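Remarks on the overall topology
Each chain, written out:
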Amino acid sequence: PCKGDTDSLPRPSAHLKPATRPILAGVALRTGARARRARLGADPEEPPPDADPRAGEDSTVDPSDPKSIDKAGKDAEREVVELPDRMDDVADDGRRDALKYNDIFFPGWQPEPYLVISSSIGVLATMIWLILFFRCFYFSDRPESLDWWLKKAKELGVDDAAESPDLVIVFRNPGVESTDAGEEMPQDQLKKLLVSDVQTDEFTRTRELAQAKTTEKGDARTALLQDVRELLPKLGFNVRTFCTVDNAEVIVAVTLDSEDVVDYYFMRDHRYCQLQQALTDKLGIVQDPAQNASAPGWLRYNHGVVEQLKPHVVGVNEVPDVFRVYRGSRKEGSVSRGVDRTRIVFAELASHFDLETAKDTGLVSSFYPVHNRRCLSQLRGIWASAAAIWDFSFRQPIHLLKAYYGSRVAFFFAWAGFYCKALLALLIPAIICIALMLASQYFEYRRVFLIEVLQLGFGVVVIVWAAGIRNLFLQDTQYFVEYWHLWAPQRLPRPQYEGSLRRSHIDGSQMERRANSVVLSLTGYFSTLVTIVFCLLVMAAIYGWMTVFHGQMNIVASIVLALQIKIFEIIYRPIAMWLTKLENHKYQVDFINALIWKTFAFQFINYYYAFFYLMIAQKFTEAGCPMVRGIGHDCIWALRRQVIATVGFLAVCRLIEVFGNWGWVKLQIFLQNRALARSAGGADAPVRSYMEEQACLADFEEAEQMEAKLQLVLSLGFVLLFACIAPVVVIVVFVVFV
């Protein structure tokens, strides 16, 4: 304390006169004493009770007076003699303050050196294992080479199937009577169907019906089918129309197969394409292909680049000589991938009419991109086979998934695969911790100490593990963002966005559709209020659950809690979607972000509040903490038991949901095939086309992708929050991820 108080004062040095050094020492010590008295709440100028009576006298030192100098030196010597006692007093004050703060913030806890030392040894051993795992057994998904995958594909065989359309739109057959054909079509919905408010040559039949007083749904459906069939060839798309095998529906198959049309859309939208690896070599750029980060750059797609390179680079004559060619869905290859062509077709249709509104009103039965048999067979052989579940390296062809499904789905599988590897690394320490906890019951005299060592050590391990893998995945994310050129994603407008035509804020000469800002703010506040109300309902239900079971956390309580969590989840899921649609977001990315935050905030309360209540508030209730043999009243023991049972039941529910969706799709296909066989009347049943079968598949759009990842995030939250007291959670969550 004296040193800290004198840091700002000049220190005695060798060039000072000997008589001056004790003077400065005395001044410094007196200044430190005043500071200590000020910290203790006393008057800095008032001498302490045991102070020397001479302390109040004039202490000014006159350098020219020998008596004054001698007096100051004696005072300094006395201060130095008393300094150890004062230091002991400061240490006692520090210990007293530490005990006081410990009683306030950590009541009942006493520091145990042996506990810290034992936990530190376990943490150190686990850190060595984690470093060894990520150095020797971890396989990154960054490499784009498919050599390891192609070997497996060659063994399993790859189907050489015909090309598939990029998008399919299904209408009810106008020539077949339907039950809703005579229903009146609301005119506001028919007007909402048309995106553009400007009169154009497209969708003339639908616009005429929208301006009429009344319209039947059958007439609106026929007009929309004719307008779509007339529009698609004008946009440069190849269209094939045919009826389903039962003649109940009409399928409009849209394909973007012309490279000239692809060139037009790529140059119009200023698309960026990756350069050929061979071009970098011809330009004299030395890159090691073995290095994952040494990928060719991206350049805006333009034929002018080819013309400029022709005179200077040998072998550059056409676009495929400059830009990368993909041969996933087409044998001859193309600068566009299947996902690119599907996005172009969907974006062009969405700029003319709202497909989602058409589906909701019944004018369109469904619309979906069609799987390419060649690519799907390859993915099934090298990645989605049943044998791959036993591959604990969890390698994934992320670049192939991105080229086929798009970047959002690729990032989802990259994240899930990475955490499978990370949970596998944590699995070994968790199993050891579980074994030691089970063995602690045979050491009753040290049982509490052993459990505390395991909880403290494994808690530190989980913290370090979580921070480390987060940093590793952020590196992978940044790598894929740069590699796939996603640093400037497009903000696609939503066709469902409602507003009136107003002058643009950017260019006053242009008109754009904008909603009222006051209405948007009010709907946002309303959406937040509804979410808060549902969170309060969950908290009230948790309180009722605790009251019913009186703190006795048995298996019945765990099952009831898990069912309650799932019921609230099912109830709030459509409400969250409705609230997000009510907010009327203009861009799709804003819509998804709002849905994510709204759903996560509710699910966080829904999944974790009961366990926080057990951990913090249970001991203050009338029931208190349950009695545990050999330990006493312990809420942590009840929390551990409740977490294990609830997480296990939620994992079972999640697996039932996944396999239930798969079984539901198979059942629908079986029932439709059986209905076709019965309609044939004993003759050979008609064979359904590949495109018809995919109409039975479940949707996996942005909302479904968000829900799938959120379920894994919530499961991972149990590891981060409660794995230190219940290491079994690591095993259960690992099974869910796999």
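Residues numbered from 1 in each chain as written. Predicted model: local features only at pLDDT ≥ 70, side-chain atom pairs only at ≥ 80, totals over all residues. Heavy atoms only, no water.

To continue, consider empty space enclosed by the protein. If you walk through the whole model with that rule in mind, you get two cavities of 30 Å³ or more. As a volume, the largest cavity reaches approximately 120 Å³. Along the walls of the largest cavity sit Lys-566, Tyr-607, Val-647, Leu-650, Ala-651, Arg-654, Gln-711, Ser-715, Phe-718, Val-733 and Val-736, which together make up its complete lining. Where the lining of the largest cavity is concerned, the elements lending two or more residues are helix 21 (635–679), helix 23 (702–722) and helix 24 (728–737). The biggest single contributor to the lining of the largest cavity is helix 21, with four residues. Looking at the lining of the largest cavity, its residues break down into seven nonpolar, two polar and two charged. Of the voids in this model, the second largest cavity is the one considered here, and its volume is about 50 Å³. (1 Å grid on protein atoms, 1.4 Å probe; cavity = no way out; pocket = protein on both sides within 12 Å on 5 of 7 lines; lining within 4 Å. Points joined across faces, edges and corners; volume = space filled by probe spheres on them. Helix = DSSP H or I, 4+ residues; strand = E, 2+ residues; numbered from the N terminus. Nonpolar A, V, L, I, M, F, W, Y, C, P; charged D, E, K, R; others polar.)

With that settled, the discussion passes to the pattern of salt bridges. With the rule as written, the count across this model stands at 16 salt bridges. Between Asp-269 and Arg-268 there is a salt bridge whose closest N-O contact spans 3.0 Å. Overall, Asp-269 belongs to the partly exposed group, its relative accessible area being 25%. Classification of Arg-268 as partly exposed rests on a relative accessible area of 37%. Arg-337 is the partner of Asp-340 in a salt bridge, and the nearest nitrogen-oxygen pair spans 2.8 Å. Across the pair, exposure class does not vary: Asp-340 and Arg-337 are buried alike. A cluster of three or more residues bridged by salt bridges with shared partners is formed by Arg-205, Asp-227, Glu-230 and Lys-234. (Salt bridge = Lys/Arg side-chain N within 4 Å of Asp/Glu carboxyl O. Buried < 20%, exposed > 50% of the residue type's maximum accessible area, 1.4 Å probe, protein only.)

Once that is clear, we can look at the side chain of Gln-705. With respect to the element layout, Gln-705 can be found in helix 23. Looking at Gln-705, the relative accessible area reads 11%, which means it is buried. What Gln-705 contacts, discounting residues up to four positions off in sequence, is Arg-408, Val-409 and Phe-700. (Contact = heavy atoms within 4.5 Å.)

Looking now at the nonpolar core. Among the nonpolar cores identified, the biggest contains 75 residues, and Trp-465, Phe-718, Val-719 and Phe-737 are the most heavily contacted of them. Considering each element in turn, this core owes the most residues, 15 residues, to helix 16 (residues 407–439). Aside from chain neighbours lying at most four places away, what touches Phe-737 is Trp-415, Ala-416, Tyr-419, Cys-420, Leu-423, Leu-712 and Leu-716. Judged by nonpolar contacts, the second largest core, of 47 residues, contains Met-185, Val-228, Val-254 and Leu-279. (Core = buried A, V, L, I, M, F, W, Y, C linked by side-chain atoms within 4.5 Å.)

A few words now on a nonpolar patch on the surface. A surface patch of nonpolar side chains, about 900 Å² in accessible area, is lined by Ile-428, Ile-431, Ile-432, Leu-436, Leu-655, Val-658, Phe-659, Trp-662, Ile-731 and Val-735. If you list the elements that add at least two residues to the nonpolar patch, you get helix 16, helix 21 and helix 24. Topologically, Leu-436 is positioned in helix 16. Given a relative accessible area of 37%, Leu-436 falls into the partly exposed group. (Patch = residues over 30% accessible without salt bridge, like charges linked within 9 Å, V, L, I, M, F, W, Y side chains within 5 Å. Areas by Shrake-Rupley, 256 points an atom, 1.4 Å probe, with all protein chains shown as cover.)

Right, let's get into the packing of helix 19 (residues 555–582) against helix 23. One can describe the packing of helix 19 onto helix 23 by two numbers: an axis separation of 13 Å at closest approach and a directional angle of 150°. Of the possible angle classes, the one that applies to helix 19 and helix 23 is roughly antiparallel. The handedness of the crossing between helix 19 and helix 23 is right-handed. From helix 19, Lys-566, Glu-569, Arg-573 and Met-577 reach across to helix 23, where they touch Ala-703, Glu-707 and Gln-711. Among the residues making up the contact of helix 19 with helix 23, the classes are represented as two nonpolar, one polar and four charged. (Axes fitted to C-alpha atoms, helices over the stretch in contact; angles between N-to-C directions. Parallel < 35°, antiparallel > 145°, perpendicular 65-115°, else oblique. Left-handed = near helix turned anticlockwise from the far one by under 90°.)

A few words on the sheet that holds strand 6 (residues 366–368). Taken together, the four strands give an open sheet; going across it, the order is 2-3-1-6, and neighbouring strands pair in antiparallel fashion. Where the open sheet ends on each side, the last strands, each with one partner, are strand 2 (238–243) and strand 6. Averaged over all pairs of adjacent strands, the angle between their axes in this sheet comes to 15°, without regard to strand direction. Sheet topology places strand 1 (residues 167–172) next to strand 3 (residues 249–255); six bridges connect them, and they run antiparallel. Counterpart to Leu-167 in the pairing with strand 3 is Val-254. Packed on one face of the sheet, helix 8 (residues 217–234) meets strand 1, strand 2 and strand 3 and runs near 155° to strand 1. In the packing of helix 12 (residues 338–350) onto the sheet, the strands contacted are strand 1, strand 3 and strand 6, and the crossing angle to strand 1 comes to about 45°. (Pairing = 2+ DSSP bridges.)

The next subject is helix 9 (residues 259–268). Those residues of helix 9 that fall on the buried side of the exposure criterion are Val-261, Val-262, Asp-263, Tyr-265 and Phe-266. Each element contacted by the buried residues of helix 9 is listed here: strand 4 (272–274), helix 11 (303–309) and helix 12. At the exit of helix 9 stands His-270, carrying a positive phi of roughly 55°.

Another aspect to go through is the environment of Tyr-497. On the secondary structure map, Tyr-497 appears in the loop between helix 17 (447–483) and strand 7 (500–503). C-alpha separation for the pair Tyr-497 and Lys-192, spaced 305 residues apart in sequence, amounts to 9.6 Å. Among the polar contacts listed, one links the side chain of Tyr-497 to the backbone nitrogen of Ala-515, at a separation of 2.8 Å. (Polar contact = N/O pair within 3.5 Å; in protein donor to acceptor, adjacent residues only side chain to side chain.)

Across the protein, the average pLDDT comes to 78, with 81% of residues at or above 70. Within the model, the stretch residues 1–40 combines pLDDT values under 50 with 45 contacts to residues more than four positions away or in other chains. Counting contacts from residues 49–58, a segment whose pLDDT is below 50, to residues more than four positions away or on other chains yields four contacts. (pLDDT = per-residue confidence, 0-100.)

Although it is not a glycine, His-485 sits at a positive phi angle of roughly 60°. Looking at the secondary structure, you find His-485 in the loop between helix 17 and strand 7. Positive phi is not limited to glycine here, since Asn-584 has a value of about 60°. Within the secondary structure, Asn-584 sits in the loop between helix 19 and helix 20 (588–616). Since its relative accessible area comes to 14%, Asn-584 is described here as buried.

Let's shift gears to the environment of Gln-603. Its location among the elements puts Gln-603 in helix 20. When near neighbours in sequence (up to four residues on either side) are disregarded, Gln-603 contacts Glu-569, Leu-710, Gln-711 and Leu-714. Polar side-chain contacts of Gln-603 include one of 3.3 Å to the side chain of Asn-606.

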